[in-house]
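Summary of structural features
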Amino acid sequence: MLETATVLDSIAEQVLETMFFSVVLGPAEEPVDVPRLTALVSFSGSHAGLLGVSGDAATANALAANFLGVAGDEVPPGQEPAVLGELANVLCGAVLGHAEPEGRFTIYPPQISDTEECVAILHKTQIQRNFETTEGCLTIGLTILEDGPLA
Amino acid sequence: MAFSVLIVDDCSAMRSVIRRILAISGFEMGECHFAGDGAEALDVLRRHRVDLVLSDVNMPRMDGEGLLRRLAEDRELRAVPVVIVTSDGTRDRETRLLGMGARGYITKPFHPEKLRAELERVLEASHA
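First, a word on scope: everything that follows refers to the structure included in this document. Keep in mind that what you see is a predicted model, and the values were worked out from it rather than measured. Every chain is numbered on its own, with residues counted from 1 as its sequence reads. To read the labels, note that chains go from A and ligands from 1, taken in the order they are written. Local features in a predicted model are, by the rule used here, given only for residues with pLDDT of at least 70; side-chain atom pairs are given and counted only at 80 or more, and totals for whole chains, interfaces and linings are based on all residues. To obtain the side-chain values, all non-hydrogen atoms of the structure were included, while hydrogens and water were left out.

A few words now on helix 1 (residues 12-25) of chain B. Residue and element names in this part refer to chain B. Here helix 1 spans 20 Å end to end across 14 residues, near enough to the 20 Å set by a 1.5 Å rise per residue. Looking only at helix 1, the buried set comprises Ala13, Met14, Arg15, Val17, Ile18, Ile21, Leu22 and Ser25. Runs of H or I in DSSP of at least four residues are treated as helices and runs of E of at least two as strands, each being numbered from the N terminus. Of the residues trailing helix 1, glycine 26 is marked for its positive phi of about 90°. Expected span of a helix, by definition, is 1.5 Å for each gap between consecutive residues, and there is one gap fewer than residues. Burial classes follow relative accessibility: with a 1.4 Å probe on protein chains only, a residue under 20% of its type's maximum area counts as buried, one over 50% as exposed, and anything between as partly exposed.

As a further point, take the packing of aromatic side chains. In this description, an aromatic ring pair is defined by two values, namely the gap between the centres and the angle between the planes. Only rings of Phe, Tyr and Trp enter the pairing, Trp through its six-membered ring, and a pair is recorded when the two centres are within 6.5 Å. The plane angle decides the type: under 30 degrees is stacked, over 60 is edge-to-face, the rest tilted. Under the criterion given, the structure shown has 3 aromatic pairs over all chains. When the ring of phenylalanine 20 of chain A is compared with that of phenylalanine 67 of chain A, the centres are 4.5 Å apart and the planes differ by 25°; the resulting orientation is stacked. One end of the pair, phenylalanine 20 of chain A, is in the loop between helix 1 (2-19) and strand 1 (24-27); the other, phenylalanine 67 of chain A, is in helix 2 (residues 57-68), with 47 residues separating them in the sequence. Using a relative accessible area of 0% as the deciding quantity, one classes phenylalanine 67 of chain A as buried. Ring plane angle 80° and centroid distance 6.1 Å describe the contact between phenylalanine 43 of chain A and phenylalanine 105 of chain A, whose orientation is recorded as edge-to-face. With phenylalanine 43 of chain A in strand 2 (residues 36-45) and phenylalanine 105 of chain A in strand 4 (residues 105-107), the pair connects residues that are 62 residues apart, well separated along the chain. According to the relative accessible area criterion, phenylalanine 43 of chain A is buried, its value standing at 3%. For the cation-ring pair, arginine 20 of chain B lies above phenylalanine 21 of chain A, with the distance from its terminal atom to the ring centre recorded as 4.1 Å. Any Lys NZ or Arg CZ found within 6 Å of a ring centre and within 35 degrees of that ring's normal is scored as a charge over the ring.

With that out of the way, let us pick up the interface of chain A and chain B. Residues are treated as being in contact if the distance between any of their heavy atoms lies within 4.5 Å. Each side of the interface is counted separately: chain A has 25 residues, and chain B has 21 residues. Both faces considered, chain A and chain B share a buried interface measuring about 1,900 Å² in area, 61% of it formed by carbon and sulfur atoms. For the chain A face of the interface with chain B, the top three residues by lost area are Thr18, Met19 and Phe67 of chain A, together amounting to 26%. Every case where a carboxyl oxygen of Asp or Glu lies within 4 Å of a side-chain nitrogen of Lys or Arg is listed as a salt bridge. On the surface where chain A and chain B come into contact, there are 2 salt bridges. With its nearest N and O atoms 2.6 Å apart, the salt bridge here joins glutamate 102 of chain A to arginine 91 of chain B. The element contributing the most residues to the side of chain A that touches chain B is helix 3 (residues 79-99) of chain A, with 9 residues. Under the convention adopted here, Pro, Cys and the residues Ala, Val, Leu, Ile, Met, Phe, Trp and Tyr are nonpolar, Asp, Glu, Lys and Arg are charged, and Gly plus all remaining residues are polar. Class assignment for the residues of the side of chain A that touches chain B results in 12 nonpolar, 9 polar and 4 charged. The term buried area refers to how much accessible surface (probe radius 1.4 Å) is lost by two components on association, counted for both of them together.

Our next topic: the nonpolar core. Ranked by internal contacts, the top residues of the largest apolar core, which has 63 residues, are Phe20, Leu51, Val53, Leu87 and Leu91 of chain A together with Leu54 of chain B. Of the residues forming this core, the biggest block, 10 residues, is contributed by helix 3 of chain A. Setting aside residues up to four positions removed in sequence, valine 53 of chain A forms contacts with Leu37, Thr38, Ala39, Leu84, Leu87, Ala88, Leu91, Leu122, Leu138, Thr139 and Ile140 of chain A. Throughout, nonpolar core names a set of buried Ala, Val, Leu, Ile, Met, Phe, Trp, Tyr and Cys residues whose side chains join them through atoms within 4.5 Å. Residues Ala35, Val50, Val80 and Leu97 of chain B belong to the second largest nonpolar core, which totals 22 residues.

Further remarks concern helix 5 (residues 112-127) of chain B. The periodicity of an α-helix, 3.6 residues per turn, causes residues three or four places apart in sequence to face the same way. Residues and elements named next belong to chain B. Here helix 5 spans 23 Å end to end across 16 residues, near enough to the 22 Å set by a 1.5 Å rise per residue. Residues of helix 5 that are buried include every one of Pro112, Leu115, Glu118, Leu119, Val122 and Leu123, and no others. For helix 5, the angular spread of buried residues about the axis comes to 135°, placing them on one side. In this structure, helix 5 carries Glu113, Glu124 and Ala125 as exposed residues pointing more than 90 degrees from its buried face. Turning to helix 5, the residues buried within the fold contact strand 1 (3-8), helix 1, strand 3 (52-55), strand 4 (82-86) and strand 5 (104-107). What the arc covers is the set of directions going from the helix axis to the C-beta atoms.

Dropping the structure here:
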């Protein structure tokens, strides 16, 4: 599991830098009592599981602005959830491709919500990492189960 | 020579960022068209001259595999090269899509230089 956590760190850094024009500054303390937007991506196949990403509203806005190449106040309505969903989707694909390159997976569309229930689901994942980025703090959680139905 | 490109992805933000990365990479891009799924892509391809298609795989209505199948059946469009741009990095998926006619396969995340090199390779092979 330690190895998977290291892989997740490395992939998160790479994904944020190359496609989201963000930089990971280092580990962070998870923010508490702050409303957060969470994107959850589940997958099945060679392994089943879930990857989730969570950030507060300001972080989600800054990430969307970076991704779209616009100022924070120019982010079109609804794009923060879409961009967070894409981040979760790209992270999930990259982690699975690295962890199990010979595997077969179905990655399902991201579920995005600002409810506490989604944060609770993220907290139940096997591995959780908090990253301080140039856009704010992001929490990434991952669960990979040993067996899953073949995709 | 500038190449006209069609970017196919159900996420409008991803379409925008791929166009942005193409511009950053220095790829000689002419007109850039967008489509939200395979069906829309076919419609764009029938109305515009497109040199290269960059397509996602998982999309509603008609996915990337459906688009490749339809293009293979179409005499006028089958020569248009398609490069798959996806987050699925498994070899099984890559082999399957290349077997269905995709000329290139690039997994997210990618550096601008890597995207440009792959597109230039595909265009060169298509015009050989």
